[in-house]
Amino acid sequence: MPQPAVAFGGPSPEHDVSVLTGLQAVRALAAIGRPATALYWSRSADWFEVDPDLEAGDFVEGPPKGASSVRLVTGPGGGFVGSGRLGRERPVEIEAVVNCCHGGPGEDGTLQAALDLAGVAYTGPNVAGAAIGLDKLAFAGAVAAAGLPTLPRAALSADASPPGFAGPYIVKPRFGGSSIGIEVVQDWPTAQALARTSVHLRRGAMAEPYRADADDLNVAIRSHPSLELSAIERPLRTTGGAPILGYADKYVGGEGMASAPRQLPADIPDDVAAEVRRIASAVADLASLRGVARLDFLYDGTELLVNELNTIPGSLARYLWVDPPLPFGRLLTDLLDEATSRPSAHYSSAGADGSALRSAGSIASKLG
Amino acid sequence: MNAAATAAWLVAGGLAGLRWLRVAQAEHYLPGAATRFSYRWWWGSGPENRLFVIAAKIGAVPAYLDYPVGALTGAAALAAGPIGLGLKGRTSRLAWTRRMRTLAAVWVALEAAVVGVGAVAGWTLGAAALAALLAPVLVDVACWMTAPLERRLAGKWVTQAADKLARAHPTVVAITGSYGKTTTKAYVAHLVAPSRSVVATPRSFNNRAGLARSVNEHFAPGTEVFVAEMGTYGPGEIAEMCAWVAPAVAVITAIGPVHLERMGSEDRIVTAKAEILETAGTVVLNVDDPRLAALADTAAAQGKKVYRCSAGGVVADVVADVVVLDEGAQRVVVVAGERVAVIDRDDAMAPTNIACAVAAALGVGIDLDVIARALPTLPTPDHRLAARPHQATGATLLDDTFNSNPAGAARALSALAQAAPEGRKVVVTPGMVELGHRQHEENAAFAMAAVRMGAEVVVVGRTNRRALVDGVTRAGGRAVLVDDRDAGVRWVGQHVGPGDAVLFENDLPDTYP
């Protein structure tokens, strides 16, 4: 009987956090009697099957001791394949993959596409949902086009012309889910200089107005068994006076997002909470939500703005499901159910009925 | 009776084989190392081991003549020694890797062949004794025989690594030098990291297999800059690595008498290191060494972009592009005549390493202002002159145990002087190795310099004991002799206190006497 697999790590700035999420998921599945295969994606993008009982520290130096190399093969009979006895290939039997790979190719549609082509079921967003979730500029554009409130965003590069809004600016990598590489700058030339020199902005950058007065509000959304929203969270900043919620606030010195300081549920007026819920449901539809996502808002006491969507959130946002309580094992079971019952890929050749081919004549005549 | 004596020699030979296999592993399976080390251990590590080896050789004579009685004592002497070279080891443990198992199997086959031929000729006991005494030589023969096979096996990993690099085509910075490689590599990675995604080879992995392993295990697709450290034990090795790593920027940090034992002469070292420059379009050279200054001129004549790096003021007629001046506790970084940064730190960073790293970062295309901002936070690699307080005694400990070259040792001494201007100063060292014909002279000179600046010298082990004691005595001091590093640490614990400073200079694996 194939068992679930948990995929974590990946060649992403969020590799380490992803290992934490993955190991939590493996343990939670074991605790409800569903032992899982642990699939580690290394910083150098190689796959390994590892012992599910490893600790986070075992991954500091790279693939842990005893990791056995596997490959992800697409095509019929595809999936994860290891080497068995006498050099023969040994398929890793998998029911579905719980995708815990934050950021980078695990969250931008790359891994999703590979798993689709390999015929492996997986949790979380499909290719399109992942791609729009990790592209902050495209996501904000879609939100604005749907008439939902959000901050204006502009593409930033070394020679980009100033946007239609004034500074100070908050500068972010265009693709990426964490706080890595986010900086607040006073003026546009500084933002341009940052785009030229910062390693985090080399694959694309964006800028938006910096709202010092706004707090974050987060809510988790899941799509299965039916669309459901978690309690609303207000994360608290620990590094006094820092302009933004930093990477260290979220991840260093704890078990990841699950142990960061917060107000849960957030102390906000009922009408604001209702508005959060209305917008979150609309965004779930807009971004073809699958699995469990976390939607982040900015709220300054009067105005509520959509900020970012995390389609594979830290700790899979398990800590937000407090009212009514949803155990992590239950959340994972529902994710796996959805993975196996709701296909992630829909390929269609409807309309390609051959009529264009029949009437085409010779290829040479088209080139002439 | 004969059978018992034969068995005793076979057991003694087996134990000897384990010892010399471990030495071969610690010395990177270089053919010749086991025999060289066996000579060093038996004859150069104290009177008791000389007695044992003489007893073993005399005891082998009755065995050759087929008299079992005397032969037993010879086997016992061989099995017992050399005293100090353990079977499994403490610091440099015997690891049964795939390569070690192959080597051991070939060695067992060679031993069996010697004994088997003897048995056929009716000379079993004599052959068993001969095979046992030849154990280190046969280990070397096994190393030599397996070398082509190992090269072929490593080739598979090299191909994989080369493919990975070719797909990602990063800008490669290749760094070599007799010393300063690992530190400079860490500096380059630090200066490049704010602006580009960068991967550097970990620790001191710097040969063909180590480089391939670094790429296969640590290189992420999409990495923009790869910093590769390259070491060499002979001509052709660096050229071979450059063929598949394809450096865009090549750096030579320094030339010195390191690995002289294997390389022969410093001129041969320069030639072997210069291979790194051949395919790179940008070269970075420490021109304080006139031989590297000459290479810089050659490279410039070939139309390469050349960065000349210097600690300033040594070579008068050379204008350097990057100069790092040592002004007391400060390092002042000067690029193209402009002061761009001041590093205000009291650790003894070598100015030329900093200069080479700055030039390499410029060669990669990093903005000078980004480099200048990153300079004050250059990392201090572990065990390379890192200073820390000693909990038990309150003294300052200077850990320079990864250094093994005379220039670095001299810099460490000046750091020691600064760390305890008033207090007691102690140097704990087994001395430096692989310095060929200069080993005695260089170690004696180091010990002399230590005593002249007011330090006491604790000599660890026997490898360089004579040279170090010679230097200490010539400078009018008295050396403290200890058997191993642990004994040195204990001595320190009993003899220093607050305000004092202790320099641990170099460390040798326990395969050295």
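Owing to the predicted nature of the structure, the values given are computational and were not obtained by experimental measurement. (Residues numbered from 1 in each chain as written. Chains lettered and ligands numbered in written order. Predicted model: local features only at pLDDT ≥ 70, side-chain atom pairs only at ≥ 80, totals over all residues.)

A separate point is the overall build of chain A. Across its full length, chain A carries eleven helices and 16 strands. The C-alpha radius of gyration computed for chain A amounts to 22 Å, which stays within 12% of the reference 21 Å derived for 368 residues, consistent with globular compactness. Projecting the C-alpha coordinates of chain A onto the three principal axes gives extents of approximately 65 × 65 × 40 Å. Taken over 368 residues, chain A has a buried fraction of 43%. (Helix = DSSP H or I, 4+ residues; strand = E, 2+ residues; numbered from the N terminus. Rg over C-alpha atoms; globule rule 2.2 N^0.38 Å. Buried ≥ 20, exposed ≤ 12 C-beta atoms within 10 Å, placed from the backbone.)

Regarding its fold elements, chain B presents 19 helices and 15 strands. Relative to its length of 513 residues, chain B is compact, with a C-alpha radius of gyration of 26 Å against a globular reference of 24 Å. Considering only C-alpha atoms, chain B reaches an extent of 85 × 60 × 40 Å along its principal axes. Long-range pairs, those at least 24 residues apart, make up 72% of the contacts in chain B between residues at least 6 apart in sequence. (Contact = placed C-beta atoms within 7 Å.)

Turning to helix α4 (residues 68-80) of chain B, a few remarks are in order. Taking 1.5 Å as the rise per residue, α4 of chain B with 13 residues should run 18 Å; its terminal C-alpha atoms sit 19 Å apart, in good agreement. In this structure, the buried side of α4 of chain B is in contact with α1 (2-26), α3 (47-64) and α6 (124-133) of chain B. (Expected span 1.5 Å × (residues − 1).)

Our focus in this paragraph is the interface of chain A and chain B. Where interface size is given, it is often the accessible area lost as the parts come together that is meant. Taken together, the eight residues of chain A in the interface contact twelve residues of chain B. For the side of chain A that touches chain B, the per-class residue count stands at three nonpolar, four polar and one charged. (Nonpolar A, V, L, I, M, F, W, Y, C, P; charged D, E, K, R; others polar.)

Time to look at the packing of α1 of chain B against α4 of chain B. Residues and elements named next belong to chain B. Axis separation between α1 and α4 bottoms out at 9 Å; the angle between their running directions is 15°. When the interaxial angle is binned, α1 and α4 end up roughly parallel. Crossing of α1 over α4 shows left-handed handedness. Between α1 and α4, the residues in contact are Asn2, Ala4, Ala5, Ala8, Trp9, Val11, Ala12, Leu15 and Ala16 and Pro68, Ala71, Leu72, Ala75, Leu78 and Ala79, respectively. (Axes fitted to C-alpha atoms, helices over the stretch in contact; angles between N-to-C directions. Parallel < 35°, antiparallel > 145°, perpendicular 65-115°, else oblique. Left-handed = near helix turned anticlockwise from the far one by under 90°.)

A separate point is the packing of α3 of chain B against α6 of chain B. Residue and element names in this part refer to chain B. Here α3 crosses α6 at 155°, and the two axes come no closer than 8 Å. When the axis of α3 is compared with that of α6, the two are roughly antiparallel. Helix-helix and strand crossings are classified by hand; for α3 and α6 the assignment is left-handed. Facing Ala56, Ala60, Ala63 and Tyr64 of α3, the residues of α6 in contact are Leu125, Gly126, Ala129 and Leu133.

We now examine the sheet that holds strand β12 (residues 215-222) of chain A. Residue and element names in this part refer to chain A. If you walk across this open sheet you meet the five strands as β14-β13-β12-β15-β16, and the pairing is antiparallel. At either margin of the open sheet sits one strand with a lone partner, and together these are β14 (262-263) and β16 (304-310). Sheet analysis places strand β13 (residues 228-235) next to β14, joined by two bridges and oriented antiparallel. Within the sheet, the bridge partner assigned to Arg234 lies in β14 and is Gln263. (Pairing = 2+ DSSP bridges.)

Residue and element names in this part refer to chain A. Here the amide bond leading from Gly167 into Pro168 is cis, since omega sits at 0°, within 30 degrees of zero. Here Pro168 is to be found in the loop between β8 (154-156) and β9 (169-173). With an omega of -5°, the peptide bond between Asp323 and Pro324 qualifies as cis. With respect to the secondary-structure elements, Pro324 resides in the loop between β16 and α9 (328-341). Of note in the backbone geometry, Ser315 takes a positive phi value of approximately 55° without being a glycine. Locating Ser315 in the fold gives a position in the loop between β16 and α9. The class of Ser315 is buried, set by 22 C-beta atoms lying within 10 Å.

What follows concerns the sheet that holds strand β1 (residues 171-176) of chain B. Residues and elements named next belong to chain B. A sheet is described by the order of its strands in space; here nine strands give the open sequence β2-β3-β1-β4-β5-β6-β7-β8-β9, paired in mixed fashion. The open sheet is flanked by β2 (198-200) and β9 (338-344), the only strands paired with a single partner. Shown here is a sheet whose adjacent strand axes are inclined to one another by a mean of 15°, direction ignored.

Averaged over all residues, the pLDDT of chain B equals 87, while 98% of them reach at least 70. ipTM for the predicted complex: 0.74, alongside a pTM of 0.80. (pLDDT = per-residue confidence, 0-100.)

Moving on: the pairing of strand β11 (residues 205-209) of chain A. Residues and elements named next belong to chain A. Of all the five residues making up β11, four are buried; the element is thus mostly covered by neighbouring parts of the structure. The pairing of β8 with β11 spans three bridges and is classified as antiparallel. The residue bridging Ala154 from the neighbouring strand is Ala207, located in β11. Sheet analysis places β9 next to β11, joined by five bridges and oriented antiparallel. The partner of Pro173 across the bridge, within β11, is Ala205.

An ideal rise of 1.5 Å per residue puts 50 Å on 34 residues; helix α7 (residues 135-168) of chain B measures up with 47 Å between its terminal C-alpha atoms. Those residues of α7 of chain B that are buried lie in contact with α1, α2 (33-44), α5 (98-120), α6, α9 (208-218) and α10 (237-245) of chain B.

As a further point, take the nonpolar core. Membership of the largest hydrophobic core comes to 119 residues, with the highest contact counts inside it found for Ala174, Val358, Ala360, Ala361 and Val502 of chain B. With ten residues, the top contributor of residues to this core is helix α14 (residues 351-364) of chain B. Ala360 of chain B has contacts with Val173, Val188, Val249, Val251 and Val284 of chain B, leaving out every residue within four places of it along the chain. Val98, Ile232, Val276 and Ala339 of chain A belong to the second largest nonpolar core, which has 77 residues in total. (Core = buried A, V, L, I, M, F, W, Y, C linked by C-beta atoms within 7 Å.)

Another aspect to go through is the pairing of strand β6 (residues 305-310) of chain B. Residue and element names in this part refer to chain B. Counting buried positions along β6 gives five out of six residues, so the element sits mostly inside the fold. Pairing of strand β5 (residues 282-286) with β6, which is carried by five bridges, proceeds in the parallel orientation. Bridge assignment links Asn286 to a residue of β6, and that residue is Cys309. As for the winding sense of the linkage, the β-α-β connection from β5 through helix α13 (residues 290-301) to β6 is right-handed. Here β6 runs beside strand β7 (residues 322-327); their pairing, made up of two bridges, is parallel. Each bridged residue has a counterpart across the sheet, and for Cys309 the counterpart in β7 is Val322. (Right-handed = clockwise from strand over helix to strand, strands pointing away.)

Before going further, it helps to examine the environment of Arg203 of chain B. Residues and elements named next belong to chain B. Among the structural elements, Arg203 can be located in the loop between β2 and α9. You can call Arg203 partly exposed: it has 14 C-beta atoms within 10 Å. For the pair formed by Arg203 and Arg339, sequence separation is 136 residues and the distance between their alpha carbons is 32 Å.

The next subject is the environment of Pro247 of chain B. Residue and element names in this part refer to chain B. Along the chain, Pro247 falls in the loop between α10 and β4 (249-252). C-beta crowding within 10 Å serves as the criterion here: with 27 such atoms nearby, Pro247 is assigned to the buried category. Once the C-alpha coordinates of Pro247 and Pro170 are considered, the two residues, 77 residues apart in sequence, prove to be 9.3 Å apart. For Pro247, the contacting residues outside a window of four places in its chain are Val172, Val173, Ala174, Cys242, Ile276, Thr279 and Ala280.

Further remarks concern the environment of Asp367 of chain B. Among the structural elements, Asp367 of chain B can be located in the loop between α14 and α15 (368-374). C-beta crowding within 10 Å serves as the criterion here: with 15 such atoms nearby, Asp367 of chain B is assigned to the partly exposed category.

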